[in-house]
Amino acid sequence: MIPGPVSVDDAVLEALARPVRAHYGEGWTQLYKDAVRGMRDVFKTDGEVHLLFGSGMAGVEMCIASVLGPGDEVIVASNGLFGDRMADVAAANGLLVHTLRPAGVAEPVTAAMAGEALAAHPQARAICAVHHETSVGVLNDVEGICKLARERGLLTIVDGISAVGGVPFEMDAWGVDLCVTVANKCIGGPIGVAPVAMGSRAAKALSDGRPKAAGWYLNLATWKRFTEEWGGWHPHPTTMPTNVIEAFDVALTRLLEEGVEHRWARLARARDSVRGGLEEMGFPMLSPLAAASPVTTAAYGLPGMNIPDYMSWLLREHHIRIGGGLGQLSGKIFRVGHMGRAAEPEAIDRYLRATSDYIEEKGLGRARA
């Protein structure tokens, strides 16, 4: 029950175990294009989608480096570890980074904050934001930030790694130019696929004649060229992990059959069950419900509680793994994911009962769940 990678359905595992197929040819190309078309529905975009073989951070670097070059100014909204990583990626690619950081711990980044940053840095060419900051279980106001940035003429780059497919997100309607997600979070698929979506303004930025930071592989211009020139038989620049893509397609098909909006609602109900159960036992939440992510719950420990011991006990006694705090919150909070099979009512009930048992065993207070 960690905030990803998720436990996957048996059908996804079965796809991983199939014989390895070639990464080109008619059958493969049709499967790849079907997955691309399905991801357009998940991103809610009419733009391009490429299935990057790599991690989510590889997709973040692809988005940033494909449209920006050394010396370009960029605003990065950060209220946690993964926002900081976006800033690190931008800096590593030679960009001049202005970090927008809320004052409070687990405080969401708002459009108003973005407006102040845009006013302070009028030469910025883009703004980057994490939709779901998994390290604190908070949703940032990506819709408001991107709409405002679009009005000011900036490119908008969104890390949707642990959000797309699990929380409301509408790429085109919100004015998002580039977005990356992964298979192994809300989509419920395997590790290794990072779908990257690109709108028309970003596509124009690829070929605007300005130097870009990207090399060859993590460069959307490369992937776009292969899609256009080799799309009939090999719509990507390199060998692909065909079994991983097949397993991803199984998970994606299940998401589309369930309905994206239905998935959003189902994961939010799972969050409410976990959050409500923990609050009944006295656990303080890290953030108020209005800012809380529907797919990860972050909570402080009870007075006198040893969180690493609690996490180890859950794994040892009940084979339940949850996430701990990161950075300054290490040892102070724990995080429970509501993606994949962790969103199933049976899994939630088992976790809450185990937590209640731990409280009783350690004499931390009377469990009320």
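This write-up is about the structure you can find in this document. Being a predicted model, the structure only gives us computed values, none of them experimental. Note that residues are indexed from 1 along each chain, following the sequence as it is written. Residue-level local features of this predicted model are given only where pLDDT is at least 70; pairs of side-chain atoms are given and counted only at 80 or more, and the full residue set underlies all totals for whole chains, interfaces and linings. Side-chain descriptors were evaluated using all non-hydrogen atoms of the structure, hydrogens and water having been removed beforehand.

### Describing the pattern of salt bridges
- One speaks of a salt bridge when a side-chain nitrogen belonging to Lys or Arg is within 4 Å of a carboxyl oxygen belonging to Asp or Glu. Going through the model one piece at a time under the given rule, you end up with 21 salt bridges.
- Glu-48 is paired through a salt bridge with Lys-224; the nearest N and O atoms lie 2.3 Å apart. Taken together, the residues span a long stretch of sequence, with Glu-48 in strand S1 (residues 48-53) and Lys-224 in helix H9 (residues 220-230) at a distance of 176 residues.
- In the salt-bridge network here, residues are joined through shared partners; they are Arg-18, Arg-21 and Glu-246. Note on conventions: DSSP H or I runs of at least 4 residues are helices, E runs of at least 2 residues are strands, and numbering of each starts at the N terminus.

### Quick word on H9
- Buried residues are those whose accessible area, probed at 1.4 Å on protein chains only, stays under 20% of the maximum for their type, while exposed residues exceed 50% and partly exposed ones sit between those limits. Turning to H9, its buried residues are Leu-220, Thr-222, Trp-223 and Phe-226. Buried residues along H9 cover an arc of 160 degrees about the axis, so they all sit on one side. Exposed side of H9, more than 90 degrees from the buried face: Glu-228 and Glu-229 are the residues found there.
- The criterion used for residue contact is that any of the two residues' heavy atoms lie within 4.5 Å. Among the structural elements, helix H2 (26-43), S1, helix H3 (56-67), strand S8 (178-180), strand S9 (193-198) and helix H8 (200-206) are those in contact with the buried residues of H9.
- Of the residues that open H9, the one with a side-chain oxygen 2.9 Å from the backbone nitrogen of Ala-221 is Asn-219. Directions pointing from the helix axis toward each C-beta atom define the arc. Two N or O atoms form a polar contact when they lie within 3.5 Å of each other; inside protein one atom must be a possible hydrogen donor and the other a possible acceptor, and for residues adjacent in sequence the pair counts only when both atoms belong to side chains.

### A short note on the environment of Ser-287
- Structurally, Ser-287 can be placed in the loop between helix H11 (260-280) and strand S10 (296-300).
- Accessibility expressed as a relative area gives 6% for Ser-287, which makes it buried.
- Distance from Ser-287 to Val-6, taken between C-alpha atoms, is 23 Å for residues 281 residues apart in sequence.
- Setting aside anything within four residues of it in sequence, one finds Ser-287 in contact with Ala-106, Gly-137, Val-138, Arg-275 and Ala-292.

### Brief notes about the pairing of S9
- For S9, the tally of buried residues reaches six of six residues, placing the bulk of the element in the interior.
- Neither face of S9 is left uncovered, since the one carrying Val-193, Pro-195 and Ala-197 and the one carrying Ala-194, Val-196 and Met-198 both have all their residues buried.
- Bridge count between S8 and S9: three bridges; the pairing is antiparallel. Of the residues in S9, the one forming a bridge with Val-180 is Val-196. Here, a strand pair is defined by DSSP locating no fewer than two bridges between the strands.

### Digging into the state of the cysteines
- In what follows, a disulfide is any cysteine sulfur pair within 2.5 Å. A complete count under the given rule lists zero disulfides for this structure.
- No disulfide involves Cys-63; its sulfur sits 7.3 Å from the nearest other cysteine sulfur, which is in Cys-179.
- Summary of cysteine pairing: Cys-146 is not part of a disulfide, and the nearest cysteine sulfur, belonging to Cys-179, is at 8.7 Å.
- Judged by its relative accessible area of 2%, Cys-146 is buried.

### Observations concerning the packing of helix H5 (residues 111-120) against helix H6 (residues 142-151)
- Remark: H5 packs on H6, axes separated minimally by 8 Å, with the N-to-C direction vectors making an angle of 35 degrees. Crossing of H5 over H6 shows right-handed handedness. Note on element contacts: H6 touches H5 through Gly-144, Ile-145, Leu-148 and Ala-149, opposite Ala-111, Ala-114, Gly-115 and Leu-118.
- Grouping the constituent residues of the contact of H5 with H6 by class yields six nonpolar, two polar and no charged. Every axis in this analysis is a line fitted to C-alpha atoms, fitted for helices over the stretch in contact. Angles between the N-to-C directions lie between 0 and 180 degrees. Left-handed describes a crossing whose near helix is turned anticlockwise from the far helix by less than a right angle; the clockwise case is right-handed. The residue classification treats Ala, Val, Leu, Ile, Met, Phe, Trp, Tyr, Cys and Pro as nonpolar and Asp, Glu, Lys and Arg as charged. All others, Gly included, are polar.

### Here's the deal with empty space enclosed by the protein
- A 1.4 Å probe that fits but cannot get out identifies a cavity on a 1 Å grid over protein atoms alone, an open set with protein on both sides within 12 Å along at least five of seven lines counts as a pocket, and a residue lines either if it has an atom within 4 Å of a point. Grid points are joined across faces, edges and corners, and a volume is the space filled by probe spheres set on the points. Scanning all chains against the criterion turns up one cavity of 30 Å³ or more.
- In this model, the largest cavity occupies a volume close to 40 Å³.
- For the largest cavity, the full set of lining residues is Val-136, Gly-137, Arg-271, Arg-275, Ser-287, Ala-292, Ser-293, Thr-296, Thr-297 and Ala-298.
- Contributions of two or more residues to the lining of the largest cavity are made by H11 and S10.
- Counting residues per element, the lining of the largest cavity draws most heavily on S10, which supplies three residues.

### Side note on helix H13 (residues 345-362)
- The length a helix should cover is 1.5 Å for every residue beyond the first. The end-to-end C-alpha distance of H13 is 26 Å, a good match for the 26 Å that 18 residues give at a rise of 1.5 Å each.
- By the burial criterion, the buried members of H13 are Ile-348, Tyr-351, Leu-352, Ala-354, Thr-355, Ser-356, Tyr-358 and Ile-359.
- Where the residues of H13 are buried, they touch H11, helix H12 (307-318) and strand S12 (333-337).

### A look at the packing of aromatic side chains
- Side-chain rings of Phe, Tyr and Trp (the six-membered ring for Trp) are treated as a pair once their centres are within 6.5 Å; stacked means planes under 30 degrees apart, edge-to-face means over 60, and tilted covers the remaining angles. The tally for this structure, following the rule as stated, stands at eleven aromatic pairs.
- Both rings, one in Tyr-24 and one in Trp-233, keep their centres 5.8 Å apart while their planes meet at 70 degrees; by these two values the pair is edge-to-face. Here Tyr-24 is found in the loop between helix H1 (10-16) and H2, whereas its partner Trp-233 is found in the loop between H9 and helix H10 (242-258), with 209 residues between them in sequence.
- On the accessibility criterion, Trp-233 (39% relative accessible area) is partly exposed.
- With 5.4 Å between their ring centres and 75 degrees between their planes, Phe-169 and Trp-174 make a pair best called edge-to-face.
- The exposure class assigned to Phe-169 is buried, which follows from its relative accessible area of 1%.
- Here a set of aromatic residues connected by ring pairs shows up, and it is made of Tyr-24, Trp-216, Phe-226, Trp-230 and Trp-233.

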